[in-house]
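Residue-level structure breakdown
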Amino acid sequence: MPKGPGGDPLVGERYEVEVGPVAHGGGHCVARHEGRVLFVRHALPGERVIAQVTEGTTKSRFLRADAVEVLEPAKDRIAPPCPFAGPGRCGGCDWQHVTPGGQRKLKAQVLTEQLAKLAGLTPEQAGWDGSVEPVGGKLPAGEVPAWRTRVQYAVDPETGEVGLRRHRSHEVELIDRCLIAAPGVTELGIEARDWTGLASVEAIAATGSSDRQVILRPLPGEQLPLVELEKPVSISRIDEQGLFHRVHGRTFVRERAVGRTWRVSEGGFWQIHPEAPDTLVDAVLSGLDPQWGENALDLYCGVGLFAGALADRVGEDGAVLGIESSKQAVTDARHNLAELENVRIECDKVETLLPRTGITSTDLIVLDPPRAGAGRETVRHLTGLRARRIAYVACDPAALARDLGFFHEGGYRPVSLRAFDLFPMTHHFECVAILEPVQD
């Protein structure tokens, strides 16, 4: 290839490297070759591997690479149970080549590093015991937990077959089964049929009900195929403008968690591990210890999961205000919590609505922000409300650590932090931090 302004391409070059620590995001570890940083997937700390460059040039600040040959394996390395995992293959899982305990150790190392780097906290200062807690029962050796209740399949435009995207690629890795897909997804038989004319197929299997939903996204100008699947299922489609349309059955699924049934419409947000809602609510309530008659805020409240749990605990003498920017999620939340007179759900962005509410103080706050976190301005407003306790639910350790730094500026410190392995085989995990005002 001719030399361009970005330097000569290095894709395909192979280097023998010693693998260093795990890095945040993307399921890769850090290695160095002749002073240049490589982010290497399919490797483990301490290994010696042959790393093949997948992205980068002679002028790149860093290179991305895959470990294509393991010369000295780590003790936590196993043969990937999934036949579609490995360099250049499916990008859905990051740690198929690692024991379950080894995966949790890697996630704990990432959280430890992010707390130190972005919040200036040791695990002890964060109130964290240093572990990432497993969720779900113990499985026989070599068996993969089938936890993913929502799977979005990509469709190969040439064949109409489905698969999953390769890492950092639009290319489709064709599959006949996803090992981490929940049984309710697998039983639909998505992989066994022709989806010609579609860009993607999303399958949803509700927890606690028999509801199944398939959401189709046709290619521009293509018609919907006739869908016949193995089990009863509701069908919806998403048009070229991103709008949702019912084709057959319901536009929602009914999820069951914390003793209540939850309507989740139009493929809206719901935790995808079957045990995640109960696990997170239990951690939030244990940390906050809500009392009868207290007032609470549930920010980024989705379909009302935490608001409902708080309302039950603060009782008719207390009050809960939920704020959510998705109109459909607000409609669902109001439906889900209609019998609770002490709950109000408002639709707007948290950073826009919260200053306009006129609320100057509250007892408790739960926030479950998007992956980017809440940010300095929102945290500053929250610390000004002088809540007795704040529960921060986070899906990204870097965003959590940054926001913990902002909370520290506002006079709040974490008194407990728990991490949960709600996404086995991937680099993702969930955290719940409980914060209190620093005592003068």
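Thresholds, definitions, all that
- Residues numbered from 1 in each chain as written.
- Predicted model: local features only at pLDDT ≥ 70, side-chain atom pairs only at ≥ 80, totals over all residues.
- Heavy atoms only, no water.
- Helix = DSSP H or I, 4+ residues; strand = E, 2+ residues; numbered from the N terminus.
- Buried < 20%, exposed > 50% of the residue type's maximum accessible area, 1.4 Å probe, protein only.
- Contact = heavy atoms within 4.5 Å.
- Areas by Shrake-Rupley, 256 points an atom, 1.4 Å probe, with all protein chains shown as cover.
- Lys, Arg positive; Asp, Glu negative; His and termini not counted.
- Charge placed at Lys NZ, Arg CZ, Asp CG, Glu CD.
- Pairing = 2+ DSSP bridges.
- Phe/Tyr/Trp six-rings, centres within 6.5 Å; stacked < 30°, edge-to-face > 60°.
- Lys NZ or Arg CZ within 6 Å of the ring centre and 35° of its normal.
- Axes fitted to C-alpha atoms, helices over the stretch in contact; angles between N-to-C directions.
- 1 Å grid on protein atoms, 1.4 Å probe; cavity = no way out; pocket = protein on both sides within 12 Å on 5 of 7 lines; lining within 4 Å.
- Points joined across faces, edges and corners; volume = space filled by probe spheres on them.
- Nonpolar A, V, L, I, M, F, W, Y, C, P; charged D, E, K, R; others polar.
- Core = buried A, V, L, I, M, F, W, Y, C linked by side-chain atoms within 4.5 Å.

1. Quick look at the overall build of the protein
Summing up its helical and strand segments, the protein has 8 helices and 22 strands in all. The principal-axis extent of the C-alpha atoms belonging to the protein is close to 70 × 60 × 50 Å. Counting all 440 residues of the protein, 52% fall into the buried class. Within the protein, contacts between residues separated by at least 24 positions form 62% of all contacts whose residues are at least 6 apart in sequence. Roughly 20000 Å² of accessible area belongs to the protein as shown, and the carbon and sulfur atoms make up 49% of that amount. Both charge centroids of the protein, one from 49 positive and one from 61 negative side chains, sit 2 Å from each other.

2. Here we look at the pairing of strand S5 (residues 62-72)
Consecutive side chains along a regular strand alternate between the two faces of the sheet. Sheet analysis places strand S3 (residues 36-41) next to S5, joined by 5 bridges and oriented parallel. Bridge pairing in S5 places Val40 opposite Ala65. Note: strand S4 (residues 48-55) against S5, 7 bridges, orientation antiparallel. Residue pairing across strands places Gln52 opposite Asp66, the latter belonging to S5. Following S4, the chain reverses through 6 residues before pairing antiparallel with S5; Gly56 in that reversal takes a positive phi of roughly 130°.

3. With respect to the packing of aromatic side chains
Per the counting criterion, the structure on display carries 5 aromatic pairs. Ring geometry for Phe407 versus Tyr412: centroids 6.4 Å apart, planes at 65°, classification edge-to-face. For Phe407, a relative accessible area of 0% translates into the label buried. Site record: aromatic cluster; members linked through ring pairs are Tyr392, Phe407 and Tyr412. Above the face of the Trp195 ring, Arg193 is positioned so that its terminal group lies 4.4 Å from the ring centre.

4. So, the sheet that holds strand S16 (residues 295-299)
Neighbouring strands of a sheet are bound in pairs by backbone hydrogen bonds; such pairs are parallel or else antiparallel. Strand order across the open sheet formed by 8 strands is S6-S21-S22-S20-S19-S16-S17-S18, with mixed pairing between neighbours. With one partner strand each, in any of the chains shown, strand S6 (132-134) and strand S18 (343-347) form the two edges of the open sheet. Ignoring which end each strand starts from, the neighbouring axes of this sheet average 20° apart. In terms of strand pairing, S6 meets strand S21 (residues 412-421) through 3 bridges, oriented parallel.

5. Examining unusual backbone geometry
One non-glycine residue, Tyr300, lies in the positive phi region at around 60°. Mapped onto the elements of the fold, Tyr300 is located in the loop between S16 and helix H4 (305-314). The class of Tyr300 is buried, set by a relative accessible area of 17%. Phi is positive for Arg386, which is not a glycine, with a value near 50°.

6. Re the environment of Ile50
In this fold, Ile50 is placed in strand S4. Sequence separation between Ile50 and Val40 is 10 residues; the distance between their C-alpha atoms is 9.9 Å. If near-sequence neighbours (up to four positions away) are discounted, Ile50 is found in contact with Arg14, Tyr15, Glu16, Asp66, Ala67, Val68, Glu69 and Leu71.

7. Things to note about the layout of surface pockets
In this structure, the second largest pocket spans a volume of roughly 560 Å³. As for the second largest pocket, its lining consists of 28 residues, and the residues nearest its centre are Pro100, Arg104, Gly137, Leu139 and Pro145. The greatest single-element share of the lining of the second largest pocket, amounting to 4 residues, is contributed by helix H1 (residues 100-119). The residue makeup of the lining of the second largest pocket, split by class, is 16 nonpolar, 7 polar and 5 charged.

8. Things to note about the nonpolar core
Nonpolar side chains in soluble globular proteins generally cluster together in the buried interior. Core analysis: the largest hydrophobic core is formed by 75 residues, its most contacted members being Tyr153, Ile190, Trp195 and Val214. Apart from residues no more than four positions distant in its own chain, Trp195 is found in contact with Val155, Gly160, Val162, Ile190, Val201, Leu216, Val227 and Leu229. Core analysis: the second largest hydrophobic core is formed by 37 residues, Ala126, Leu385, Ile390 and Phe406 among them.

9. Comments concerning the side chain of His273
Tracing the chain through its elements places His273 in the loop between strand S15 (260-265) and helix H3 (276-288). The exposure class of His273 is buried, given its relative accessible area of 6%. Filtering out sequence-adjacent residues up to four positions away, His273 remains in contact with Val135, Trp147, Leu422 and Pro424.

That is the geometry; function is a separate question.
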